[in-house]
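A structural walkthrough
Chain by chain, the residues run as shown.
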Amino acid sequence: MLYREAGQFKSTYAEDQQIFPIRQDRVAVSLLLAFAFVVVPAIGDQYWLGAIITPFLIFALAALGLNILTGYAGQLSLGTAAFMAVGAFMTYNFVLRMPWLGILPSIILAGLCAAAVGIVFGLPSLRIKGFYLAVATLACQFFVLWVLQRFGWFTNYSSSGVVTAQQIAILDFPFNTPERKYLLTLGIVVVMALAAKNLMRSETGRAFMAVRDMDVAASVIGIPMMKTKLLAFAISSFYCGVAGALHAFCFLGTVEPEAYSLDLSFRILFMVIIGGVGSILGSFLGAAFITLFPIFLNLVSTGLSQATGVEVSHALISNLESIIFGGLIVFFLIVEPQGLARLWQIAKEKLRLWPFPH
Amino acid sequence: MSGRPVGEVTLSVEAVSLAFGGVKALSEVSFDVREHEVRAIIGPNGAGKSSMLNVLNGVYHPQQGKIRFQGREFEDMDSHEAAAMGIARTFQNIALFKGMTVLDNIMTGRNLKMHCNFLQQALWIGPARREELEHRRAVEEIIDFLEIQHVRKTPVGRLPYGLQKRVELGRALAAEPKVLLLDEPMAGMNLEEKQDMCRFVLDVNDHFGTTIVLIEHDMGVVMDISDRVVVLDYGRKIADGSPSEVRGNQKVIDAYLGVAHSA
Amino acid sequence: MATDIGKLDTFPKLLMHHALVRGARPAIREKDLGIWQTWTWKEFADEVRFVACGLAGLGLARGEHFALVGDNRPRFYATMAAAQCLGAIPVPLYQDAVATEMAFPIQNASIEFAFAEDQEQVDKLLEILPQCPTLRKICFDDPKGLRHYAQPELVPYDRLLEAGRENYRRDPAFLETEIAKGSGGDTAAMFFTSGTTGVPKGVVHTHASLLVPARTAAELEGLGENDVILAYLPPAWIGQNIFSCAQAFVTGYCIACPEASETVMADMREIGPTYYFAPPRVLENLLTQVSIRIQDLWWGGRWAYGYFMAVANRVGGKILEGKPVPIGERLLYYLGELFLYGPLRNVLGMSRVKVGYTAGEAIGPDLFRFYRSIGINLKQLYGSTETAVFVCIQPDGQVKPDTVGPAVRGVELKFTPERELLIRSPGLFKEYYRNAQATSEAKDAEGWFHTGDAGFVDPDGHLKIIDRVKDVGGLADGTLFAPKYLENKLKFFPHIREAVCFGDRRDRVCAFINIDPDAVGNWAEKRNMPYSGYTDLASRDEVYELVRECIERVNADLAGEPEIANSQIHRFLILHKELDADDGELTRTRKVRRRIVGEKYDSLVAALYSASRSVHVEAQIKYEDGRSGIYSADLKIRDAKVFAPAAGKRAA
Amino acid sequence: MDIAFFVEVLAGGLLAGVMYSLVALGFVLIYKASGVFNFAQGAMVFFAALTFVSLGERGWNFWLALAVTLVVMVLLGLAIERVVLRPLVNQPPITLFMATIGLTFVLEGLSQLVWGSQPHGLELGIPDVPMEWLSQKWNINISQFDIFAAFVAGLLVAVLAVFFQKTRIGRALRAVADDHQAALAVGIPLQHIWAIVWGVAGFVALVAGLIWGVRNGVQFALTFVALKALPVLLIGGFESIPGAILGGLIIGATEKLAEVYVGPMVGGGIESWFAYVVALIFLLFRPEGLFGEKHIDRV
């Protein structure tokens, strides 16, 4: 209904292969970006920016990383939180031990460290598939957390094992207010999402999907299995590493192993499943859903309790939350395995064909 | 018949034997394939045809025998290396990437020809972008050649059987192979689809000059489009020659009509 | 804006002018290899120069004829213009004609050179080579499948282009002088009439007789270089050629060629033309497609569609013409615009259409009103091959459903006592090629052209066409019998594709009906009625019921119009096969050949006028895979309710 | 390094291993019969223990509570099969695996919602005190409870082994595990079979819940027992019951020994990941575990 595609023909391959071939989509996305970069920091307050939107972006980035590995390359991983932890701790150490480096280079370096860890724990994927691989990444989850807690070097020998993240400053311009932290996160997430989209629509992405769909056929047509799988692990872990760094520096403000427990890995896996396996947009939709849903639940329950006077305990809410999340996972797997991204795609197709049903 | 004059021997197999545990799939099979030739491999079910193909492109590794390709000799082929040297294949039961569109499936066929590293692709800068568009152009030629323009952007899973076979042929062609191994390209097709596929196979051989090694059951098709035929039975070569010679060969008739076999 | 005709009086001169003035603007686009390949005017002119030199090298000389067979392709139009550069006369032929139909034009104009699009057309020309000794050279565009053709006559387009490039480099002046030699009076092209009667005649048109009306019409509509038209009809039909050649060369707008005939709808939506032309048959098919797809909506969607279409019917036309409309209706219409009309135009690819014409045959008023009501500026046009199309055009403000508009500037109209329309205009053709007798019959001494159409001018000066003179007859009781008018009313219903009415010099009107297999098939599936094919569907009682309802609604309409009230349809039968051009029952542009159908099925016509409830028919049927068999069955004949003239309730 | 202490540690490890294999059995049972890797087995163990303990605290006597919990667990098994698995029949294993992860969260939330989330002690009336005659003679003190647990596990394994190999239903189960459609085609009532399987798995979860409940107390951490069972499955293979037992013993023993001997050198706390590393190394040599079938890729 909103689409007016008549007259939008493509006369070069570049036009045909752009990310948003339809003008209405391009307009919508640029408006969204303008809104995110200009309006949100202006109207957002401490609570909304600091506690909801910035973490949503960070989790979206982590979900994007996991989606590259599980959605596009088909390698199931339960160790996302571990890679985030590596990102967080290494950034802290780089800033601590090499202050001349600056925050952005240290985040990138930390991401590369996470990528290295990803490759090491990706090695088993060459010989084993499916569940067995999930267990290997589970091993990574426990092992990495153990190493970070066990060896004091990482936490600069702090007694409590919890370290406050340094203040962020790029070219000595401080990023200390929630608005600035939000903008930094947004900038990084947008750039990396664009890079991921470019990657997935070019040769690397196709190789990932080929390995996911039928690895025997992929190897026969010349796709190097080892290089592709390890590259998938590396890129995915890099994304999770950067997300971990942002999680520590722009959201929590502290660097602690407990923040990157197995539970976080499951939450990010939920984001990928509910959002849409194998879709960049799906990672963002999933992250939005999982971040906003508990807040929605709180609003509803506080509303209910005021209306009915029944005091709703916090424990009840968290139980309800996990029941509903688990139930939604099963629901989505049954009704729409492709998740919210697929529902979005169907809606878009209907709009383009309006008023006809097919 | 192939359009172009048949050239020198480009691919040959000498005394190849392949066994899975006790089962002898191939025993001392030797035959050769010439440049620009349409070479058929026929034989009853379980004669070892598909195994032979899998040996040629490195999926199975024979215990014995040599494979010679363009002057270089190999104990056994590595599938990755075979692809790099220009041996492409299609599969008996379709091995397409269900999660991708027709265009992407054929584009994956070109992966060996794309050299940009993943960083350049991520930034979508100059060389990566140019390379992607160049290869898109080459793939469009193949799509035009196989007349599948109308399903260019449909996910492969939704296509009818006949079209999926064509897309798989397209993916193999995308690698611009010197030798194309076709594993029963016309299995399960109706008369019309068979005629189309025969035309495409002949056009490929004629237009691109690709040498074709074809496994096929339909004797009509084999007799029509192949230059030379090799017949396998229980993993052994029992005949080799032009279609008319092979048709008259008593051993071949026995193999197909099931005369009691000597031990 | 189009410059005056002045010294730019031939197609080549105009082309070279565009190459200078608007060299970078797109001249031709073609959907190929997944994207719209584009030739700018400069590139197009260069290609024409090289092809012209190439053809000169082959020996094509001034005054000789040059046959072209193929679909709308850039190289088709380039070769046509190249021939005109050398002063040769291009003769476009129908690409879906069978080989024998092509033999006559080639012999008639003793054609030596031909351009064929692909293997299919080359095979046809090679098949008739023995009967056409004069044919020496055949250039072909798409080499697919032609690698092993060794015939000496064949010249691949690329070799022609290379030779041309070489000749042009060696002697550029040659072509410029050839172009300069051309003048407005020279013959520009020859079109063979699809003709509903007898042997096709070669209509000879000069540069002037094509360019003058093209320019007048372009100025009337304010067409310019930014406009785009989709060329999807056979280029051999002047109805397409005038838009994609004459007017393009006059205004410099861009021609878009679709990828293939099956993808016209999709290409239409992609290119979004601003200038559109469609014969009524195309508009009927489009409307049928729309109504079939709308049937599949859920009940709420169907209800909304019905409601808003009713609003559009009431006020759509008026709003398009800017006439006053009550505020309530206007609001409803804008709501409809957002949810229905805008998206509907968009899906049909007509969002950017500034002006759309329909011509070739009379269009049913309801069909015409449908397109205008959803905001498409569709207008009626009258003309023929002999008059280079533009005779009458409805101007923007005065669009009526049943007229074809006033005469265009420079065109004079006159009527004979039998109400036959005579025309004198700069767009008149020079002559019928090598057929002086036919020329003298058609063009009398003072230059008046006898159109063979009956009609009259209504009070606002709009020409109103009744029908072909030969077909317009009278019932036994003298009332006017205009078969075309009745048939158009019947064809508005999606279930009826074609209708042939009989009644001239008889006491009652009866009709043959051809159902639309898609629409009726869809209707049958909704009632889960199994059917095997067209013939089986056409013989069903339920389908006869459906058709009878349509006929009775038409009869109710006719009852309301006093002067033709009793030409209501009394009896009808549904033909066992679809009328087809290959069987000679339709022209190449799908117009019914009434006399041939009448003669071929005279036994059925006689049965209609007898009292029998069915008639036995024996016919040869060609099956899809080439085998043919005899089909014999009894066709049912049914009566339709006839309404008393005055009392007939006004049809909604 | 004195032998007695080594034997004691080894015995303790082996007995702990038995506890792991008890949980692993639940996984094997479901995977063997339905091809589903049921990650929610841990949550079922926790739910069973919590239900039993809560009923016990509400004054129900031991046997009644046990019977009621058993019924609840069987009903839970049936419900899971009906709601989650039936619509997902023939889906790829990955989808089923993710569904069970969703199921884990549902069960965890549900159990705490129904019974509250404070930890409970559990007493089975068997003292957790070393066997006297053993400790006096060779001063090896192995707790009576461990032996009892080992005995229960052994009994359970024997019963299940007989059930799978010999009974008609057992054979049907094995057929279903190989190929759902083939089993359906042959007329095996798939849903019926699955219901039985999930019911039995519920029972095994109850037994494991009780044993683990006594050892570590009934609290949320019990769900992580599933994570303990994974390495066991890796080594033993997903389909074989003997594999589960052997895998459990290997992991139990190596973990205990490493904890005692290797732990101090590296700073302790290695029990969380050590089992996995052992399993991983094992996996690299035999990707399908001790008793799993070799997986052949047909081209």
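Keep in mind the model is a prediction, meaning the values are calculated, not measured. Position labels on residues start from 1 in each chain and follow its written sequence. Labels follow written order: the first chain is A, the first ligand is 1, and so on. Per-residue local features of the predicted model are confined to residues with pLDDT of at least 70, and side-chain atom pairs are confined, for both listing and counting, to 80 or more; whole-chain, interface and lining totals are unaffected and use all residues. Hydrogen atoms and water are omitted, and side-chain values are computed over all heavy atoms in the structure.

Along the backbone of chain D there are twelve helices and zero strands. Numbering goes from the N terminus for both helices and strands, where a helix is a DSSP run of H or I of at least four residues and a strand is a run of E of at least two. Mapped in sequence order, the helices and strands of chain D form the string α-α-α-α-α-α-α-α-α-α-α-α. The classification of residues rests on relative accessible area computed with a 1.4 Å probe and restricted to protein chains. Under 20% of the type maximum is buried, over 50% is exposed, and intermediate values are partly exposed. Counting only residues that meet the buried cut, chain D has 54% of its 299 residues in that class. The contact rule is simple, with two residues in contact once any of their heavy atoms fall within 4.5 Å. The contacts of chain D with a sequence gap of at least 6 include a subset with a gap of at least 24, amounting to 75%. In these tables, accessible area is a Shrake-Rupley quantity obtained with a 1.4 Å probe, and a residue counts as shielded only by the protein chains included in the view. Here chain D displays about 12600 Å² of accessible surface, and carbon together with sulfur accounts for 69% of that area.

To describe a pair of aromatic rings, one takes the distance between the centres and the angle between the planes. What counts as a ring pair is set by centres within 6.5 Å for rings of Phe, Tyr and Trp (its six-membered ring), and what kind of pair is set by the plane angle: stacked under 30 degrees, edge-to-face over 60, tilted for all other angles. Following the criterion strictly, the structure yields 52 aromatic pairs over all chains and no others. Ring geometry for Phe 145 of chain B against Phe 208 of chain B: centres 5.2 Å apart, planes inclined by 65 degrees, an arrangement best described as edge-to-face. Of the two residues, Phe 145 of chain B is situated in helix α5 (residues 126–145) and Phe 208 of chain B in helix α7 (residues 191–208); the sequence distance between them amounts to 63 residues. A positively charged side chain is recorded as over a ring if its NZ (Lys) or CZ (Arg) lies within 6 Å of the ring centre. The angle to the ring normal must also be within 35 degrees. A cation over a ring is seen here: Arg 201 of chain A above Trp 124 of chain B, with NZ or CZ 3.7 Å from the ring centre. One Lys or Arg, Arg 267 of chain A, reaches over the ring of Phe 59 of chain A and ends 5.8 Å from the middle of that ring.

For every residue, the predictor states its confidence as a pLDDT score lying anywhere from 0 to 100. Mean pLDDT over chain A stands at 88; residues scoring 70 or higher make up 100%. By mean pLDDT, the top-scoring element of chain A is helix α10 (residues 225–252) of chain A (93), and the lowest-scoring one is strand β2 (residues 169–170) of chain A (80).

Where strands meet in a sheet, backbone hydrogen bonds hold them as pairs that are either parallel or antiparallel. Residues and elements named next belong to chain C. Only strands joined by at least two bridges in the DSSP assignment are considered to pair. Here we have four strands laid out as an open sheet, ordered β16-β17-β19-β20, and antiparallel in their pairing. At either end of the open sheet lies a strand with only one pairing partner, and these are β16 (412–415) and β20 (463–468). Neighbour-to-neighbour, the strand axes of this sheet turn through a mean angle of 50 degrees, independent of strand direction. Two strands pair when backbone bridges link them, and strand β19 (residues 449–457) and β20 are joined in this way by five bridges, in the antiparallel orientation. From the neighbouring strand, Ala 454 faces β20, where its bridge partner is Asp 467. Comment: axis = line fitted to C-alpha atoms, over the contacting stretch for helices; angle = value between 0 and 180 degrees taken between N-to-C directions.

It is worth spelling out the arrangement of the chains at this point. Here five pairs of chains make contact, and the pair sharing the most contacts is chains A and D. Kept free of each other, chain C and chain D leave a smallest C-alpha distance of 27 Å between them.

Chain C puts 26 residues into the contact, and the matching count from chain A is 20 residues. Once two parts are brought into contact, the accessible area they lose, counted with a 1.4 Å probe and summed over both, makes up the buried area. Between chain C and chain A lies a buried interface of about 2000 Å² when both sides are counted; carbon and sulfur atoms form 62% of it. If you sort the residues of chain C by the area they bury against chain A, Ile 35, Arg 269 and Arg 293 of chain C come out on top, with a joint share of 29%. In this structure, the salt-bridge partner of Arg 269 of chain C is Glu 5 of chain A, at a minimum N-O distance of 3.7 Å. Identification of polar contacts relies on pairs of N or O atoms within 3.5 Å, with a donor-acceptor requirement for protein atoms, meaning one able to donate a hydrogen and the other able to accept it, and with residues adjacent in sequence counted only if both atoms are side-chain atoms. One can count eleven residue pairs in polar contact (both at pLDDT 80 or more) joining chain C with chain A. Criterion for a salt bridge: a side-chain nitrogen of Lys or Arg within 4 Å of a carboxyl oxygen of Asp or Glu.

So, on to a nonpolar patch on the surface. All names here are of chain A. A cluster of nonpolar side chains, namely Leu 33, Phe 35, Phe 37, Val 38, Val 39, Ile 43 and Leu 183, defines an oily patch on the protein surface of about 590 Å² accessible area. Mapping Phe 35 onto the fold places it in helix α2 (residues 23–43). On the accessibility criterion, Phe 35 (42% relative accessible area) is partly exposed. Patch membership requires more than 30% relative accessible area and the absence of a salt bridge. Residues of like charge join within 9 Å; the nonpolar side chains Val, Leu, Ile, Met, Phe, Trp and Tyr join within 5 Å.

It is worth spelling out helix α11 (residues 241–266) of chain D at this point. Residue and element names in this part refer to chain D. Bend is computed residue by residue as the angle between axes fitted to the seven residues ending at the residue and the seven residues starting at it. Residue Glu 259 marks the point of greatest curvature in α11, where the axis turns by about 45 degrees. Within the sequence span of α11, burial applies to Ile 241, Gly 243, Ala 244, Gly 247, Gly 248, Ile 251, Gly 252, Ala 253, Glu 255, Ala 258 and Gly 263. Considering only its buried residues, α11 is in contact with α1 (3–34), α6 (144–166), α10 (225–236) and α12 (271–285).

Glancing now at the environment of Lys 484 of chain C. Residues and elements named next belong to chain C. One can find Lys 484 in helix α16 (residues 483–491). Taking C-alpha positions, Lys 484 is 16 Å from Thr 451, a pair spaced 33 residues apart along the chain. With near-sequence residues (within four places) excluded, Lys 484 lies in contact with Glu 361, Ala 362, Ile 466, Asp 467 and Arg 594.

Let us look at the packing of helix α6 (residues 130–150) of chain A against α12 of chain D. Taken N-terminus to C-terminus, the directions of α6 of chain A and α12 of chain D make an angle of 140 degrees; their axes are 9 Å apart at the nearest point. When the interaxial angle is binned, α6 of chain A and α12 of chain D end up oblique. Considering only the axes of α6 of chain A and α12 of chain D, their crossing is left-handed. Here Tyr 132, Val 135, Ala 136, Leu 138, Ala 139, Phe 142, Phe 143 and Trp 146 of chain A of α6 of chain A come into contact with α12 of chain D, specifically with Ser 272, Trp 273, Tyr 276, Leu 280 and Leu 283 of chain D. As a working rule, the residues Ala, Val, Leu, Ile, Met, Phe, Trp, Tyr, Cys and Pro are called nonpolar, Asp, Glu, Lys and Arg charged, and the rest polar, with Gly in that last group. Tallied by class, residues from the contact of α6 of chain A with α12 of chain D come to twelve nonpolar, one polar and no charged. Note on angle classes: values under 35 degrees are labelled roughly parallel, values over 145 roughly antiparallel, values of 65 to 115 roughly perpendicular, and the remainder oblique. Handedness of a crossing follows from how the near helix is turned relative to the far one, being left-handed for an anticlockwise turn of less than a right angle and right-handed for a clockwise one.

The nonpolar side chains of soluble globular proteins are, as a tendency, buried together. Among buried residues, those of type Ala, Val, Leu, Ile, Met, Phe, Trp, Tyr and Cys that are joined through side-chain atoms within 4.5 Å constitute a nonpolar core. In this structure, Leu 61, Phe 208, Tyr 239 and Tyr 260 of chain A together with Phe 37, Phe 97 and Leu 230 of chain D are the most contacted members of the largest nonpolar core, which totals 221 residues. One finds Val 155, Ala 218, Val 282 and Ile 319 of chain C within the second-largest nonpolar core, a separate group that totals 129 residues.

We now examine the side chain of Gln 41 of chain D. Residues and elements named next belong to chain D. Locating Gln 41 in the fold gives a position in helix α2 (residues 41–57). Classification of Gln 41 as buried rests on a relative accessible area of 1%. With residues up to four places along the chain from it excluded, the contact list for Gln 41 reads Val 23, Gly 26, Phe 27, Ile 30, Ala 201 and Ala 205.

Residue and element names in this part refer to chain B. Strand order in the open sheet made by the six strands is β6-β7-β8-β3-β9-β10, with mixed pairing throughout. Here the strands that pair on one side only, and so sit at the sheet edges, are β6 (87–89) and β10 (236–241). Averaged over all pairs of adjacent strands, the angle between their axes in this sheet comes to 20 degrees, without regard to strand direction. Pairing analysis gives five bridges linking strand β9 (residues 228–233) to β10, with the strands arranged antiparallel. Following the sheet pairing, Val 229 is matched in β10 by Gly 241.

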